[in-house]
Amino acid sequence: MKKYFVIGNPIKHSLSPQLHNYWLEQNNIKAVYKKIKLEESEIENFILKIKNQEINGCNVTVPFKKIVIPFLDKLSSEAEHTQSVNTICFDNGDLVGYNTDIGGFQKAINSLNYKVKDKEILILGAGGVVPSIIFALNKMEASKITVSNRTYKKAENLRTQFNKINIVNWGEVPDFDMIINATSIGLNNESINLNTTNIGDGKFFYDVIYNPRETNFLKEGKKLGNQIENGKLMFIYQAFEAFKLWHNIEPTINSNVLKLLDND
């Protein structure tokens, strides 16, 4: 029986096991997928188990997407550029880190028929999945990307990877077409407390959080008359890409898959 994991801290909210185990069953693959909470000090030993083939692969979520990199042998070009790994594979004796968040975000936005090209994007947050989102937005030809983070320096550090981004202080809300909450604010029903005075309607509020389905950030966007979307499709598509890497099979995305994640 092959073993796959998602590692993170916190990890309780992750619905990855529901999704991957459903696909494993659908494709008659003898494997199991579980979530495990790790401390940073436990990462190296855990990854060594993949190298020794005691574990067959893993997904990585916050706060370990960069922390795992020194323990890997190779990175895909996307993982190298973003310095963010969310999928680890064992390939011909090497541990390889991939970033399927980029493709996950891009496929999710495209499936909504939203055109990012020439749009101004405001991103809240600077860690975790943010480099992947910026990478994807650049590929999709956004005209302007602005980042706002509670710790200004962390946002500024992104300039080493993406020199064309703009940085504003936390709480500032410049004009935008699409706003993305890429922080963890909302996982536990917290509010971001944006100044929504001049936002108006006709914008797109996107939250990478998918559990709960509608965060306070999205509720606020809806109340103002804007399009809203949670991170469920991004989550499904990044998992789709990881599943394909591990099993060389494209799993089905249908209404049953979408329902699996509606558990809040």
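Up top you'll find the structure we're talking about.
The present account deals with the structure reproduced in this document. (Residues numbered from 1 in each chain as written. Predicted model: local features only at pLDDT ≥ 70, side-chain atom pairs only at ≥ 80, totals over all residues. Heavy atoms only, no water.)

1. Here's the deal with the packing of aromatic side chains
Inference 1: Inspection of the entire model under this criterion finds eleven aromatic pairs.
Inference 2: Between Phe 105 and Tyr 206 the ring centres are 5.7 Å apart and the planes differ by 85°, which places this aromatic pair in the edge-to-face class. Taken as a pair, Phe 105 in helix α4 (residues 101-111) and Tyr 206 in strand β11 (residues 204-207) lie far apart in primary sequence, 101 residues in all.
Inference 3: Relative to Phe 235, the ring of Tyr 210 has its centre 4.2 Å away and its plane inclined at 20°; by these criteria the two rings are stacked. (Phe/Tyr/Trp six-rings, centres within 6.5 Å; stacked < 30°, edge-to-face > 60°. Helix = DSSP H or I, 4+ residues; strand = E, 2+ residues; numbered from the N terminus.)

2. Considering helix α5 (residues 130-139)
Inference 1: Among the ten residues in α5, eight count as buried, and that is most of the element.
Inference 2: For α5, the full list of buried residues reads Val 130, Pro 131, Ser 132, Ile 133, Ile 134, Phe 135, Ala 136 and Leu 137.
Inference 3: Just past α5, the residue Glu 141 takes up positive phi, approximately 65°. (Buried < 20%, exposed > 50% of the residue type's maximum accessible area, 1.4 Å probe, protein only.)

3. Some details on the side chain of Lys 65
Inference 1: Looking at where Lys 65 falls in the secondary structure, it is placed in the loop between β3 (57-60) and β4 (74-75).
Inference 2: Looking at Lys 65, its side chain comes within polar contact range of the side chain of Asp 101, at 2.7 Å.
Inference 3: Discounting residues that sit within four places of it in the chain, Lys 65 has contacts with Val 60, Gln 83, Ser 84, Val 85, Asn 86, Asp 101, Gly 128 and Val 129. (Polar contact = N/O pair within 3.5 Å; in protein donor to acceptor, adjacent residues only side chain to side chain. Contact = heavy atoms within 4.5 Å.)

4. Some details on the nonpolar core
Inference 1: Counting 34 residues, the largest nonpolar core has Phe 105, Ile 123, Ile 133, Leu 137, Ile 180 and Tyr 206 as its most contacted members.
Inference 2: Elements represented by at least two residues in this core include exactly α4, β7 (120-124), α5, β8 (144-149), β10 (178-181), β11 and α8 (232-247).
Inference 3: Ranked by residue count, the leading element in this core is α5, at six residues.
Inference 4: Discounting chain neighbours no more than four positions away, the residues touching Ile 123 are Val 130, Ile 133, Ile 134, Leu 137, Ile 145, Thr 146, Val 147, Ser 148, Ile 180 and Ala 182. (Core = buried A, V, L, I, M, F, W, Y, C linked by side-chain atoms within 4.5 Å.)

5. As for the packing of α4 against α5
Inference 1: It is at 8 Å that the axes of α4 and α5 come closest, and there the two elements cross at 50°. In terms of axis orientation, α4 runs oblique to α5. Handedness of the crossing formed by α4 with α5: right-handed. Every residue of α5 that contacts α4 at Asp 101, Ile 102, Phe 105 and Gln 106 is listed here: Ser 132, Ile 133, Phe 135, Ala 136, Leu 137 and Lys 139.
Inference 2: Per-class residue counts for the contact of α4 with α5 are six nonpolar, two polar and two charged. (Axes fitted to C-alpha atoms, helices over the stretch in contact; angles between N-to-C directions. Parallel < 35°, antiparallel > 145°, perpendicular 65-115°, else oblique. Left-handed = near helix turned anticlockwise from the far one by under 90°. Nonpolar A, V, L, I, M, F, W, Y, C, P; charged D, E, K, R; others polar.)

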